[in-house]
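So you can see what is in the structure, the chains are spelled out below.
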Amino acid sequence: PDLAGSPERLERFQREAETVAALNHPNIVTIYSIENEGGVHFLTMELVQGPTLRRLIDHSGALPIEDVLNLGVQISDGLAVAHAAGIIHRDLKPGNVMVTPDGKVKVLDFGLAKAWSGAGEACWTEPPHSPRLTDDRTAAGTILGTTGYMSPEQARGKPVDKRADVWSFGVLLGEMLTGRSLFSGDTATDVLVAVVTKEPNLEALPAATPEAVRRLLGRCLRKDPRTRWPDMGAARLVLQDALAATGTEAEAPTAGGQETRAARRRRTVERWVWAAVVLALAGVASLRFLSRPTEAPEARPTVHFVFDAPEGLFLADFDPLAISPDGRSIVFASRTPTGAARLWIRRLDALDVRELPGTEGGGRPFWSPDGASIGFFTEGELKKVSLASGTVHRICALPPESLDPAGTWGSEGTIVFSKGGLSGLYAVSAAGGAATPLTTPAERTNHWWPNFLPDGRRFLFEIYGSHAETAGVYAENAGVYLGSLDAPDEGRRLLPVPMRAKYGSGHLLFVQDGSTLLAQPFDLARAELTGDPVAVASPVATGLVPRWGWFSVSATGVLAYVEGTAADVQLVWLDRAGKRLGTLGDPGRFRQIALSPDGRRVAAVVMAGTGVDDIWVIDVDRGMKSRATTGLGGGWNPVWSPDGRELVFSRADSDNLGSSLYRKELRVDATESALREPAGRGVAEDWSHDGKTLLYRTTGKENAFWALPMEGDGPPELVLKSAFSVGLGQLSPDGRWLAYMSDESGQYEVYVEPFRRPGERLRVSPDGVFPDRGGRPRWRGDGKELFYLSRDRQLMVVDVREAAAGLEVGAPEVLVPADAVGTVGGFDGVTADGQRFLVRMRVDEDLEQRIHVVTNWSSLVE
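Scoring rules and cut-offs
Residues numbered from 1 in each chain as written. Predicted model: local features only at pLDDT ≥ 70, side-chain atom pairs only at ≥ 80, totals over all residues. Heavy atoms only, no water. Helix = DSSP H or I, 4+ residues; strand = E, 2+ residues; numbered from the N terminus. Buried < 20%, exposed > 50% of the residue type's maximum accessible area, 1.4 Å probe, protein only. Contact = heavy atoms within 4.5 Å. Areas by Shrake-Rupley, 256 points an atom, 1.4 Å probe, with all protein chains shown as cover. Pairing = 2+ DSSP bridges. Expected span 1.5 Å × (residues − 1). Polar contact = N/O pair within 3.5 Å; in protein donor to acceptor, adjacent residues only side chain to side chain. Axes fitted to C-alpha atoms, helices over the stretch in contact; angles between N-to-C directions. Phe/Tyr/Trp six-rings, centres within 6.5 Å; stacked < 30°, edge-to-face > 60°. Lys NZ or Arg CZ within 6 Å of the ring centre and 35° of its normal. Parallel < 35°, antiparallel > 145°, perpendicular 65-115°, else oblique. Left-handed = near helix turned anticlockwise from the far one by under 90°. Nonpolar A, V, L, I, M, F, W, Y, C, P; charged D, E, K, R; others polar. Salt bridge = Lys/Arg side-chain N within 4 Å of Asp/Glu carboxyl O. Core = buried A, V, L, I, M, F, W, Y, C linked by side-chain atoms within 4.5 Å.

J.: What's the story with the overall build of the protein in this structure? I'm lost.
T.: A tally of helices and strands in the protein yields 11 helices and 58 strands. Taking all 862 residues of the protein together, the buried fraction comes to 56%. A separation of at least 24 residues holds for 48% of the contacts in the protein among residues at least 6 apart in sequence. In the structure as shown, the protein presents an accessible area of about 35,900 Å², 50% of it carried by carbon and sulfur atoms.

Given below as C-alpha cells:
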C-alpha cells in the first residue's frame, strides 16, 4: 500500500518491472504481466518448483565442486545478459536463487530492488536469514540491502553499478564452496564493518577448488570496484573452462591457496607439455579429415591453456605479442631485467623460447601473411626478420616524430603502419623502399592500429582525437573504420568508439570496458557488422590505454591474449631501505610525474585514452587531485617553478606538426600562455632554483639542451649539442652542474658536466640506466647525492662533492633493490632531504605476465 500510494514510486516500479520482463532469459524468473485489480497492484510471474539456494546450503553445507561450477555458470550467464541490458540486481543472495529439480537456476527479483525503494541507488530487500537495514523513509544514499552480500560501496551508501553484482556473486560463490557466510557478525553493524574492512578467508576453500576459480573469487571480492573483476560474461567463461576440466584438469593449489613462483613455473611446463600433445593430436585429426573428404567435417575442439611469459622477460608496454597466421607460434616483444628490448619466438608445440638475433631494440611485432617473416619497429626504422635464414632487413625509415608505431602486412606485399601522434597511415612495400602517406586525418585526429582483412586490400584502423575545444571527449568522427588501398580516404565507420580492432573467424574483436575482449559478427563480403558483441575473455591487459587490448588472432582460429587489467599504477612512497611508507592518491594511468620543490604537490600526466593527456596536480597530504590543463593539445612533461606556483609544460601545436612550451600559474583564474618560440621542438626539462633559466631540449635532427631566460626576452642559449640522443636533464641545486642521460656509449648512461661553464664531463653510471624517464638522474636538495635507476631497476645513489679540481663522483651503490621498486620502472621524485622516493607500481603486477591461448575460440560465441 505504501508503494501504491506514491504515483512516482509506482511509476518507477512499473518501469523497472517492464524492463526486467523484457529480458526473457532461461536463468531469470519471467515476469508475465503487471496487474491492477481493485486497486491492488501485483505481478504475475513464472511458477518455479524447487528449493532456494539458501535452503540447499543450509541443508547440505558446502556443495560439490561440480555443482558449484554448474550453478555459477548459470547465475553468471543471467547476470551478464541483464547487465548488457543495463539492469543491475542489487540484491543477489542465496535466497534469491532457486534451483529446479533438473538443476536449472532461476534468479528471483532481478532488477527490482531499485524499484522497491524508489530511492535512486539504494535498495530494499527481505532477506530470510541475513540482517537487513530498512527505513520507511528511504532516500538516495541510504544504506539498504542484505548486509552479508552487499558490496562495500553499497554498505557506504554510494552509487553502484554492475560491479556491485560482481561482488555479491563472489560472496555467493564462496558460500557455495565453503557452506558458510564469508561475512558475519552478531549485529547488522558488525556485518557491515566486516564487508567494508575485512578480507574474506579464502583459505577455507576446499582443496579441490580449481586455481582459476580461486583467482576469479579473489578478483570478485576486491574492495575497490575499479580493481574488481569487470564483467560477468567473462566470469562465465572461467567457470565453463573449470567445469570442463572438473575431475581431469582441476588444479590443487599450495597451502593457503597461494602459489610460489617455482610452482607456477612447474605448472607452466606441464601446460606446455599438454599444449604440445593437444596440437599434435589436432594435427593427426587434420590428416584424418583430409583423408576423408567426402565425410561430414568433425567439430574442432576448443582448448584453453595458460602459461607465464618466459622467465626473466617482461612484456613490452605496447602490443607485446602476435600469433602466427597458422596459429602455431607466438612472437614476444619484451625486455630483459637489464632493460634490453628484443623479440623472442615460441612454438606452441615446444617448451623452449628462442631469441631472434638482430632484433635488439625491437617492438610491436607483426607477421607476414605466409608466416615466414616478422615485421617490427626499432628507433626510427621499420625492419623485418626472416625466420628461415635469420637475416634482418631494413624496410624503411620511419617518418619524423614517430611515436609508438604499429603495422600490418597484407597478402599482396604491402605494409600499412601508423606512426603515432596526430598523423595518418603510411604504406610501404614489404620488399623495401620509401614510406608514403596513405590516409589524411581530419584536424586534431589520428589514424592508428591498422589491421588487414584477408583480401590484402582492405584494412581496419582507428580514428581518435579530441572533440572541438574539449579535451577528453572523442572527436565526432572517431571510431573503428574500414579502409582500402584503392580508396584510402573513403573509409567507412564500423564502430562509433575508437578501439584497436582485429578481424578473425568472421568477427571483429576489440576490448571494451578496459579489460573485456568482445567479438562481434562481421560479414566479410559486405563489410558489415551483423550481430551483437559477445564477451570472449576477461581480464585482458591493455597497457596504459584501455581501448588497446593486448591480444592477437590467427587465420586458423587461435586466440592469444595477455591476462591483466588496465595498467593503472599506484604512486607509492619508499624510504631509503625500500620499505613502503604509504601511497599517494588513488591508482590511475600516470605517465609522467614531477614532485614540487617543497614536496607538497605532484604534477602528474594522466592518460585519458581519448587522444588527449592532461596534467593534474595532486596534494601530497590529502591525496586529492585537481586538473591543471584542459582543452586542445593536452599537456605533458610538466616542470615546476622553484616556488611551486607555476608549471611549464609541452602542448601540441595547432597545426599538429609539433609542440610548444606553455607556462601557467596554479591559480583559479590563471590562464596559460605560450613561451616565446624556442628553437625546434621543445621539451621542458628543469627550472633553475634561482628561477632565471628554463632548461629544455630539442630532439630529432638536433639533439641538444638549451637555456631559455625566464626574465626579459633574450634568445635561448645552446648548452649542449650531440650526435646522440640526450635528455632527461636536471640542474644541481646551486645551478653549477647538469646531470643528464645520453646513449653515446651504445646504451643510456648518466653524465654530469658543468652548466654553461667549461670543464670536464664525468660518466656516473657504469652499467647503463633504465630506459625512458624512469632512469633519469635526480639531485638531493643540497646537491651532495645523485640518484638514478639502473638497467636492472635498482635505485642507485652516488655521493657527489665539489672540490678544487672540479666535481668528485663516488661509486654508485644500491639503495633500493629492484623488487621494491616494481616492474613499472622509474622513480618519479625524491624529497629534498633524500629520505623518501616516489615510484609507480602497477596495481596488479603479476597478471600482465600470464598468456592465454584458446584454440577454435569462435565456438565460444556461436
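J.: Hey, could you run me through the pairing of strand 37 (residues 613–619) in this one?
T.: Every other side chain in a regular strand lies on the same face of the sheet, so the side chains alternate between the two faces. In terms of burial, strand 37 is largely enclosed, as 6 of its 7 residues are buried. Across 7 bridges, strand 36 (residues 601–607) lies against strand 37 in antiparallel orientation. Note on strand 37: the bridge partner recorded for Ala-604 is Trp-616. As judged from the 3 bridges shared by strand 37 and strand 38 (residues 625–627), these two strands associate in the antiparallel manner. Within strand 38, the position partnered with Ile-618 by the bridge is Lys-625. Linking strand 37 to strand 38, which pair antiparallel, is a turn of 5 residues; within it Gly-623 sits at a positive phi near 75 degrees.

J.: Even after reading the chapter, I still don't get helix 6 (residues 162–178), so can you show me in this structure?
T.: Each turn of an α-helix holds 3.6 residues, which means side chains three or four residues apart point in the same direction. Taking 1.5 Å per residue, 17 residues should reach 24 Å; helix 6 reaches 25 Å between its end C-alpha atoms and fits that length. The element helix 6 is extensively covered by neighbouring structure, given that 15 of its 17 residues are classed as buried. Directly after helix 6, the chain includes Gly-179, whose backbone phi takes a positive value near 80 degrees.

J.: Looking at this structure, how should I read the side chain of His-89?
T.: Summarising the element assignment, His-89 is placed in the loop between helix 3 (65–84) and strand 3 (97–99). Here the side chain of His-89 touches Asp-91 through a polar contact of 3.0 Å, landing on its backbone nitrogen.

J.: How should the sheet that holds strand 35 (residues 590–595) be read in this particular structure?
T.: Hydrogen bonds between backbone atoms are what pair the strands of a sheet, whose relative direction is either parallel or antiparallel. Strand order in the open sheet formed by 4 strands is 35-36-37-38, with antiparallel pairing between adjacent strands. The open sheet has two edge strands with one neighbour each: strand 35 and strand 38. Strand-to-strand, the axes of this sheet are offset by a mean angle of 25 degrees, without reference to chain direction.

J.: Any chance you could explain the packing of aromatic side chains here in plain terms?
T.: For any two aromatic rings, the description comes down to two numbers: the centre-to-centre distance and the angle of the planes. Applying the stated criterion to the full structure yields 17 aromatic pairs. Ring centres of Phe-459 and Phe-461 lie 5.8 Å apart, and the angle between their planes is 50 degrees; on these two criteria the pair is classed as tilted. Residue class for Phe-461 comes out buried when judged on its relative accessible area of 3%. Chaining the aromatic ring pairs together yields one cluster made of Phe-366, Phe-377, Trp-409, Phe-417 and Tyr-426. Stacked on the ring of Trp-737, the Lys or Arg Arg-757 has its end atom at 4.8 Å from the ring centre.

J.: I'm lost on unusual backbone geometry in this one. Help?
T.: When glycine is set aside, most residues are seen to have a negative phi, and most peptide bonds are trans. In the segment running from Ser-538 into Pro-539, the intervening peptide bond is cis, with an omega of 0 degrees. Tracing the sequence through the fold places Pro-539 in the loop between strand 30 (534–537) and strand 31 (551–553). For Trp-449, which is not a glycine, the phi torsion comes out positive at approximately 50 degrees. As for its placement among the helices and strands, Trp-449 is situated in strand 21 (residues 445–452).

J.: Got a minute to help me understand the packing of helix 2 (residues 53–60) against helix 6 in this structure?
T.: Packed helices, taken two at a time, are described by the angle their axes make and the gap between the axes. Look at helix 2 against helix 6: their axes get within 9 Å of each other, and the N-to-C directions meet at 30 degrees. With respect to their mutual orientation, helix 2 and helix 6 come out roughly parallel. Every pair of crossing elements has a handedness; the one defined by helix 2 and helix 6 is left-handed. Every residue of helix 6 that contacts helix 2 at Leu-53, Arg-54 and Ile-57 is listed here: Leu-172, Glu-175 and Met-176. A per-class count over the contact of helix 2 with helix 6 returns 4 nonpolar, no polar and 2 charged.

J.: It is not clear to me how the packing of helix 8 (residues 211–220) against helix 9 (residues 232–244) should be interpreted in this structure. Could you clarify?
T.: Packing of helix 8 against helix 9 brings their axes to within 9 Å, and their N-to-C directions diverge by 160 degrees. Considered as vectors, helix 8 and helix 9 are oriented roughly antiparallel to each other. With respect to the hand of their crossing, helix 8 and helix 9 are arranged in left-handed fashion. Facing Ala-212, Val-213 and Leu-216 of helix 8, the residues of helix 9 in contact are Ala-235, Val-238, Leu-239 and Ala-242. Considered class by class, the residues forming the contact of helix 8 with helix 9 number 7 nonpolar, no polar and no charged.

J.: Any chance you could explain the environment of Phe-452 here in plain terms?
T.: In this structure, Phe-452 sits in strand 21. Setting aside anything within four residues of it in sequence, one finds Phe-452 in contact with Thr-408, Trp-409, Gly-410, Thr-414, Val-416, Arg-457, Arg-458, Phe-459 and Leu-485.

J.: What is the right way to look at the pattern of salt bridges in this model?
T.: Close approach of charged atoms lets side chains of opposite charge pair. Scanning the model with the defined rule gives 31 salt bridges in all. Note that Arg-394 and Glu-381 form a salt bridge whose closest N and O atoms lie 2.7 Å from each other. In this pair, Arg-394 is assigned in strand 16 (residues 392–397) and Glu-381 in strand 15 (residues 381–386), connecting sequence segments 13 residues apart. Classification of Glu-381 as partly exposed rests on a relative accessible area of 22%. Connected through salt bridges with shared partners, the residues Arg-576, Arg-780, Asp-782 and Glu-785 form a single ionic network.

J.: Explain the side chain of Ser-423 here, please?
T.: Inspection of the secondary structure puts Ser-423 in the loop between strand 18 (414–418) and strand 19 (425–429). Setting aside its immediate chain neighbours within four residues, Ser-423 contacts Pro-441, Thr-445, Asn-446 and His-447.

J.: Looking at this structure, I do not really get the environment of Trp-229. What am I missing?
T.: Tracing the backbone shows Trp-229 in the loop between helix 8 and helix 9. For the pair Trp-229 and Arg-163, spaced 66 residues apart in sequence, the C-alpha to C-alpha distance is 7.6 Å.

J.: Can you walk me through the sheet that holds strand 56 (residues 827–830) in this structure?
T.: A sheet is described by the order of its strands in space; here 4 strands give the open sequence 34-33-57-56, paired in antiparallel fashion. Every interior strand has two partners, whereas the edge strands, strand 34 (580–588) and strand 56, have only one. Averaged over neighbouring strand pairs, the angle between their axes works out to 25 degrees when direction is ignored. The sheet contact formed by strand 56 and strand 57 (residues 837–842) spans 3 bridges and is antiparallel. Residue pairing across strands places Gly-829 opposite Leu-838, the latter belonging to strand 57.

J.: Before we go on, may I ask you to explain the nonpolar core in this structure?
T.: Soluble, globular proteins show a tendency: their nonpolar side chains are buried together. By size, the foremost hydrophobic cluster in this structure holds 53 residues, and its most contacted members are Phe-169 and Leu-173. Of all the secondary-structure elements, those providing two or more residues to this core are helix 2, helix 3, strand 3, strand 4 (105–107), helix 6, helix 7 (188–197), helix 8 and helix 9. Counting residues per element, this core draws most heavily on helix 3, which supplies 9 residues. Not counting chain neighbours up to four residues away, the residues in contact with Phe-169 comprise Gly-72, Ile-75, Ser-76, Leu-79, Leu-92, Cys-220, Met-232 and Leu-239. The next biggest cluster of nonpolar side chains, apart from the first, holds 19 residues, and it includes Phe-307, Ala-309, Leu-313 and Trp-550.

J.: Hey, could you run me through the environment of Glu-199 in this one?
T.: Tracing the backbone through its elements, the reader meets Glu-199 in the loop between helix 7 and helix 8. Counting along the chain gives 19 residues from Glu-199 to Gly-218, while the straight-line C-alpha distance between them is 9.7 Å. Beyond its immediate chain neighbours, meaning those up to four positions away, Glu-199 contacts Leu-221 and Lys-223.

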